[in-house]
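Given next are the chains, with one letter for each unit.
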Amino acid sequence: MGHLRVVSRYVKSLLDLAVEKGVLEPVHNDMQLFAKICRENRAFTLMLRNPIIRHDKKRDVLEKLFKGKVNDLTMAIFNIITRKNREPLLPEIAIEFHNAYNEHKNIGKASVITAVPLDAASRKEFEKIIKGILNKSEIELDESVDKEMIGGFVLNAGDRQIDASIKNKLKTLKVKLSENPYVKEF
């Protein structure tokens, strides 16, 4: 079985169990914390993937780091996964759990790149546009600033991209001007 199918099965099981037990929010927060630790601490992620380190040692590390700080269900899934020798999948499971959580809660994900940071009114307008595009009740908006953009924005929502940046318009104008039909080429 491919590791993506394994990850999706663990994520689905964890999500269903968390909903059933009424601990979806704490488990989601735990998975967010775990994903953040994996992003910020490369050595931790490499330890999980290292085939030389025994699985019981990895479980001990996970227990020392997370026992008492995360929900019992989260700790139980860590134990199950390490018992089955699949701890290298934990970072992917944490990321995919967030995506499954968003799907369960009808939260859309989008990103916007602007030349200057967004103010509250602009952010609200973007969220309104994205809710219409994705047909979602809530939006998780990832904002970033690109000074080279000059002005405008680039919005990515689902499989759609809206590029209303001045940088793009200047590039388009440059292409049009280079295709002058009145100049003979030699």
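Refer to the preceding data block for the structure.
Just so you know, these numbers come straight off a predicted model, no measurement behind them.

Procedures and definitions
Residues numbered from 1 in each chain as written. Predicted model: local features only at pLDDT ≥ 70, side-chain atom pairs only at ≥ 80, totals over all residues. Heavy atoms only, no water. Axes fitted to C-alpha atoms, helices over the stretch in contact; angles between N-to-C directions. Helix = DSSP H or I, 4+ residues; strand = E, 2+ residues; numbered from the N terminus. Parallel < 35°, antiparallel > 145°, perpendicular 65-115°, else oblique. Left-handed = near helix turned anticlockwise from the far one by under 90°. Contact = heavy atoms within 4.5 Å. Buried < 20%, exposed > 50% of the residue type's maximum accessible area, 1.4 Å probe, protein only. Pairing = 2+ DSSP bridges. Right-handed = clockwise from strand over helix to strand, strands pointing away. Core = buried A, V, L, I, M, F, W, Y, C linked by side-chain atoms within 4.5 Å. 1 Å grid on protein atoms, 1.4 Å probe; cavity = no way out; pocket = protein on both sides within 12 Å on 5 of 7 lines; lining within 4 Å. Points joined across faces, edges and corners; volume = space filled by probe spheres on them. Nonpolar A, V, L, I, M, F, W, Y, C, P; charged D, E, K, R; others polar. Phe/Tyr/Trp six-rings, centres within 6.5 Å; stacked < 30°, edge-to-face > 60°.

Caption draft 1: Here's a closer look at the packing of helix α1 (residues 3–21) against helix α5 (residues 72–83). Relative to each other, α1 and α5 sit at 155 degrees, their axes nearing to 11 Å. When the axes of α1 and α5 are compared, the pair comes out roughly antiparallel. When you trace α1 past α5, the crossing you get is right-handed. Touching Y10, L14, L17 and A18 of α1 are L73, I77 and I81, all from α5.

Caption draft 2: How the structure looks around the pairing of strand β1 (residues 107–114). Summarising burial for β1: 6 of the 8 residues are buried, a large majority. Across 8 bridges, β1 lies against strand β2 (residues 138–145) in parallel orientation. For S111, the partnering residue across the bridge sits in β2 and is D142. Crossover connection from β1 via helix α7 (residues 120–134) to parallel β2: handedness right-handed. As paired elements, β1 and strand β3 (residues 153–157) share 5 bridges and run antiparallel to each other. Of the residues in β3, the one forming a bridge with T114 is F153.

Caption draft 3: Quick peek at the packing of helix α2 (residues 24–40) against helix α3 (residues 42–49). Put simply, α2 and α3 touch, their axes get as near as 5 Å, and they point 100 degrees apart. Taken together, the axes of α2 and α3 lie roughly perpendicular to each other. Along its contact with α2, which presents F34, I37, C38 and E40, the element α3 presents R42, F44, T45 and L48.

Caption draft 4: Focus on the nonpolar core. Core analysis: the biggest nonpolar cluster contains 32 residues, and F34, F44, L62, F66, F78 and F97 have the highest contact counts within it. Going through the elements one at a time, α1, α2, α3, α4 (55–66), α5 and α6 (90–104) are the ones with two or more residues in this core. If one sorts the elements of this core by residue count, α1 sits on top with 7 residues. Among residues more than four places away in sequence, those in contact with F78 are M31, F34, L62, F66 and L90.

Caption draft 5: Seen up close, the layout of surface pockets. Considered as a void within the structure, the largest pocket measures approximately 280 Å³ in volume. Lining the largest pocket we find 14 residues, and of these A35, K36, R39, P91 and I95 sit closest to its centre. Sorting the residues of the lining of the largest pocket by element identifies α2, α3 and α6 as the ones contributing at least two each. Of the residues assigned to the lining of the largest pocket, the class counts are 4 nonpolar, 4 polar and 6 charged.

Caption draft 6: Structural context of the packing of aromatic side chains. One pass over the full model with this rule turns up 5 aromatic pairs. Summarising the aromatic geometry, the rings of F34 and F44 are spaced 5.6 Å apart at their centres and angled 75 degrees between planes, so their arrangement reads as edge-to-face. Here F44 lies in helix α3 and F34 lies in helix α2, a separation of 10 residues in the sequence. Residue class for F34 comes out buried when judged on its relative accessible area of 0%.

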